[in-house]
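One-letter residues, chain by chain:
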Amino acid sequence: MVLLTALIRVLHAEFQSPVDIVTSGPWSEPLLQGQPGVGDIFSLRSRKTPYWLSLDQQRVVRRLRARGAGPAWYCDGDPAAMPILERSGFKPADVVNVRDHPLLPGEHATQQWRRFAQIMPSTVSRAPLGIDAVAEGCCLEVSPAQRADLTAWLSRCGLAEQPLILIQIGNKRTMRRGPRRLAVNNKYWPNERWAEVLQFLRQRHPHHAIVLLGTGPEYELNQELASLANVASLHNAADDLPIPRLIALLDRAEGLVTVDSGPAHAAAAVGCPQVVLFGKASPSLYRPWGTVGAGVQLLTGEVDGEPSMLGIDARSVIAAWSNLKLRSV
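What you are looking at is a predicted structure, and each value in this text was computed from that prediction instead of being measured. (Residues numbered from 1 in each chain as written. Predicted model: local features only at pLDDT ≥ 70, side-chain atom pairs only at ≥ 80, totals over all residues. Heavy atoms only, no water.)

**Q** Give me the lowdown on helix α3 (residues 55–67), citing residues and values where you can.
**A** Between its terminal C-alpha atoms α3 stretches 18 Å, which fits the 18 Å expected from 13 residues at 1.5 Å a residue. Listed as buried for α3 are D56, Q57, Q58, V60, V61 and L64. Of the surrounding secondary structure, the elements contacted by the buried residues of α3 are β1 (19–23), β2 (38–43) and α4 (82–87). Positive phi shows up at G68, right after α3, with a value of about 100°. (Helix = DSSP H or I, 4+ residues; strand = E, 2+ residues; numbered from the N terminus. Expected span 1.5 Å × (residues − 1). Buried < 20%, exposed > 50% of the residue type's maximum accessible area, 1.4 Å probe, protein only. Contact = heavy atoms within 4.5 Å.)

**Q** So what's going on with the sheet that holds strand β6 (residues 209–212)? Which residues, and what values?
**A** Pairing in this open sheet of 6 strands is parallel, and the strands run β7-β6-β5-β8-β9-β10 from one edge to the other. What marks the edges here is a single partner per strand, and that holds for β7 (234–236) and β10 (296–299). Strand after strand, the sheet turns through a mean of 15° between neighbouring axes, direction not considered. With respect to the sheet, helix α7 (residues 191–204) is in contact with β5 (164–168), β6, β7 and β8 (255–259), its orientation differing from that of β5 by roughly 175°. Strands β5, β8 and β9 (274–277) of the sheet are contacted by helix α10 (residues 262–269), whose axis makes an angle of about 150° with β8. (Pairing = 2+ DSSP bridges. Axes fitted to C-alpha atoms, helices over the stretch in contact; angles between N-to-C directions.)

**Q** So, a positive patch on the surface: which residues are in play, and what are the values?
**A** On the surface, R45, R59, R62 and R63 cluster together into a patch of positive charge. As for its position among the elements, R63 is in helix α3. Taking relative accessible area as the criterion, R63 reaches 35% and is therefore assigned partly exposed. (Patch = residues over 30% accessible without salt bridge, like charges linked within 9 Å, V, L, I, M, F, W, Y side chains within 5 Å. Areas by Shrake-Rupley, 256 points an atom, 1.4 Å probe, with all protein chains shown as cover. Salt bridge = Lys/Arg side-chain N within 4 Å of Asp/Glu carboxyl O. Lys, Arg positive; Asp, Glu negative; His and termini not counted. Charge placed at Lys NZ, Arg CZ, Asp CG, Glu CD.)

Have a look at this one:
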């Protein structure tokens, strides 16, 4: 969803009005609520539940009918949510479907959304406006309320006076049941290597606090790493980071080391320098790209000739961090 801020910002510039969003991601609302150019957010728990069983789909349809149909950009390659628009009174001529405008060779995801936003549905007669003033990449703004919440949280954690380095080792694949080395978990990087990186960071930055990020289910994974690394001033925040606080924390930190993940894109969107480990995903398509232009060090590896995060060693991560220009806070 962070990547879609590139589309939202262009549409807002085109139409000079807030962009309403229909989404099934539980993180979309706390991520985007109050962002410039964002209007109403219509949240679904599931796009695929039968309509007659889904009270939230029925609620969204009622709200969209009350809002009224108009130009719409369908950003999901899965057509499962299209009946929501149809039931809400949107006609095919109102909708630009991303399936009709696939990714171009060498195009970054944010460039695709930027291009997609300039394609008008047939019900819009005017040509798209020039968008040169809209910077490329993702962008998130941190509100005064978010900063105040972060300041209070850092004070409670005893971190108010320390510079911060952030670490994101987990992802939704890591937290699936079964061994973390399963082939489906292509973003797994061994704790032994993470521990080596943490020990380097502790030595390189003796006065920084190191904060382990994540969602609640990743708390135990972080605890395993903390025990293995055995370094001072290492804080596991995975059970206490609602999304607005996470964004503010990324905005405050001097740097981040992360697997290819949502926090990597959010970090770029608020200008946090980072080292990013990629597995099977294409860095040319998904490298973090923010409008602020903070430094990003990308790392890829191979195992048996195939892209794999397991082909990245700890020394490469350490070297990438050493070449990263950190943010001065």
